[in-house]
Amino acid sequence: MPSGRAVFRCWWGFEILDRSVYYAVLMSISLRNVHVLVPAGSPDAELVAQRCRDAGAIVTTSPAGAASEIDWAATALVVLPGQTPGATELITAAEQHGVPVNNLGGGTEEAQNAGDRGGECPGAGTVTLVGGGPGGEGLITVAGKRAIEGADIIFADHLGPFSLAEEAAERGVELVDVSKIPYGKQVAQEKINEMLIEAAQQGKRVVRLKGGDPFIFGRGLEEAEACAAAGVPVSVIPGVTSATSAPALAGVSLTHRGWVHDITIVSGHVPPGHEKSLVNWEALAGLTGTLVLIMAVKNAGAIAAELIAKGRAREQAVTIIESASIDGERVTETTLGSLGETIDAAGIKPPAIIVVGRVSERRIKGLAAAF
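Residues numbered from 1 in each chain as written. Predicted model: local features only at pLDDT ≥ 70, side-chain atom pairs only at ≥ 80, totals over all residues. Heavy atoms only, no water.

A. Summary view of the overall build of the protein. Regarding its fold elements, the protein presents twelve helices and 16 strands. In the protein, the share of contacts with a sequence separation of at least 24, taken over all contacts with a separation of at least 6, comes to 64%. (Helix = DSSP H or I, 4+ residues; strand = E, 2+ residues; numbered from the N terminus. Contact = heavy atoms within 4.5 Å.)

Now the structure itself:
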C-alpha cells in the first residue's frame, strides 16, 4: 500500500485511491430489495449503509463484534467497511452461514487479510449482466466496459463486443464462449445459469456479456432470476439494442415526426402459424407505425406473406441492416412483397434487423459512424 494514502477495495476488486470515486462506484451497484448487513464501528459505516440504501438495499446494522447476535437467515449480503472492529470474526461467521461478504478493505491488516485469500473471497462473488450493444466496441456503455475491466471471468455471446472479452482474456481474465449461433452451436440456457452461479459461489466477479440489451430478447431475466434464487448478488447494466441502433446507423429514423407514432419490435425466430408463436400477426398488419423484425432472416419470407395476407401493402418499403456496427455491415432496400426473394438473392445472413414501414422511404444514405 502506498505510504500515507488510503486504498479502497471496490466491489469488483480493483483498488481506488480516491475516496470520492470509491463511494461513487458503491452507489452504482444495484442492490434492490437485497437484505444487507453493514456492521457498525467503522468511521465509514454510516456512509456505507446510506450508499447501500441508495442502491435499493434493505439495510440492517449490528454492533461491533456482535457476530453471534446477527440473524444470518435474514441476511443476504454483508458489506464490510474499512476499519471495522472484529472483521475476522464477522467474515468467518458469514462464511459459516453461507452469506457473501463484500470486504471493502482500506482498514486494518486483519480485515484485509481475512477478506483477501489469494485474490479470491469464497462466497463473495457477484454476477453482472452486461448489455454489449450491437457489436461495435464503441457502442458499449461506460459502465459495461468498466465491468469487463474488473471481471475475473466473462461468459460471452458472439453478438456482443467479443473483442473486448478477448482483450480481457489476454490480461488473464477467464473467458467462456456461451454463444447461441442461429441454427448452429447452442449452449443450453440452463447450463449457462449453472455456470454463472458456480463461478460466483467460488468468489469470482462474473460478467455475463450479451449482445444488445440483456432484457430485449436476451434471456437476461432468466439469468437474473436463477442467480437471485441461488442467493447470488446480481446486477444489470443495460445495453444499446440493435433493434434501434442498427436502423440509426443505416440512416433510418424509426419515429420520423409526422409520419409514425409507434414502433413494434417483434421476434421472428418462429414463423406465423408455428405452435410456439406468440405474435398476433393480424393485429400487427393493421398497425400504421414502424415494424422492426429481429432474428427474422430465416422466416422473413413467411412473415411478409402473412402481413400482406392480413392487409399490409406489398409495396411497403423495407430496409435490411446486416451486421450493424461490425465488419461486414450491409444495408439492403426492398419491399415487403419482395422481402423473401431479396434475402435469398443477396445472401443475407444473421445478425440482421428488418425495418418495415414508410420510414424506410426517408432513409439518409452515407451517414458516417461516429464511434
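Alright, that's what it looks like, and here's the rest.
B. Highlighting the side chain of Glu322. Tracing the sequence through the fold places Glu322 in strand β14 (residues 317-322). Glu322 sits in the buried class, given a relative accessible area of 8%. (Buried < 20%, exposed > 50% of the residue type's maximum accessible area, 1.4 Å probe, protein only.)

C. Spatial organisation of the layout of surface pockets. If you add up the space inside the largest pocket, you get close to 1,400 Å³. In this structure, the largest pocket is lined by 47 residues; those nearest its centre are Leu159, Phe217, His269, Ile294 and Met295. Among the secondary structure elements, those contributing two or more residues to the lining of the largest pocket are β10 (205-210), α8 (220-229), α9 (242-249), β12 (263-267) and β16 (352-356). A total of three residues in the lining of the largest pocket trace back to one element, the largest contributor, which is β12. Broken down by class, the residue content of the lining of the largest pocket amounts to 25 nonpolar, 13 polar and nine charged. Each of domain 2 (126-240) and domain 3 (243-361) accounts for three or more of the residues forming the lining of the largest pocket. (1 Å grid on protein atoms, 1.4 Å probe; cavity = no way out; pocket = protein on both sides within 12 Å on 5 of 7 lines; lining within 4 Å. Points joined across faces, edges and corners; volume = space filled by probe spheres on them. Nonpolar A, V, L, I, M, F, W, Y, C, P; charged D, E, K, R; others polar. Domains from an automatic or database assignment.)

D. Expanded view of the packing of aromatic side chains. Overall, the coordinates contain zero aromatic pairs when judged by the stated rule. Cation over ring: Arg358 sits above Trp259, and NZ or CZ is 3.9 Å from the ring centre. (Phe/Tyr/Trp six-rings, centres within 6.5 Å; stacked < 30°, edge-to-face > 60°. Lys NZ or Arg CZ within 6 Å of the ring centre and 35° of its normal.)

E. Layout of the sheet that holds β16. Sheet architecture is open: five strands sit in the order β12-β13-β16-β14-β15, paired in mixed fashion. Edge positions in the sheet fall to β12 and β15 (330-335), since each has one partner strand and no second. Ignoring strand direction, the axes of neighbouring strands in this sheet form an average angle of 20°. The sheet strands contacting α9 are β12, β13 (290-294), β14 and β16, and the helix crosses β16 at an angle near 75°. Sitting on the sheet, helix α12 (residues 339-346) is in contact with β14, β15 and β16, with an inclination near 145° to β15. (Pairing = 2+ DSSP bridges. Axes fitted to C-alpha atoms, helices over the stretch in contact; angles between N-to-C directions.)

F. Focus on the nonpolar core. Leu293, Leu307, Ile320, Leu339, Ile343 and Ile354 are the most contacted members of the largest nonpolar core, which totals 21 residues. Not counting residues up to four positions away in its chain, the partners in contact with Leu339 are Ala300, Ala304, Val318, Ile320, Thr334 and Ile354. Leu129, Ile192, Met195 and Cys227 belong to the second largest nonpolar core, which has 17 residues in total. (Core = buried A, V, L, I, M, F, W, Y, C linked by side-chain atoms within 4.5 Å.)

G. A look at helix α5 (residues 142-149). Looking only at α5, the buried set comprises Gly144, Ala147 and Ile148. One side of α5 holds all its buried residues, which, seen down the axis, span an arc of 100°. (Arc of directions from axis to C-beta.)

H. Region of the structure containing the pairing of strand β7 (residues 126-131). Most of β7 sits inside the fold, with six of its six residues counted as buried. Of the two faces of β7, the one holding Thr126, Thr128 and Val130 and the one holding Val127, Leu129 and Gly131 are both buried throughout. Note: β7 against β10, six bridges, orientation parallel. Across the sheet, the residue bridging to Val127 is Val206, located in β10.

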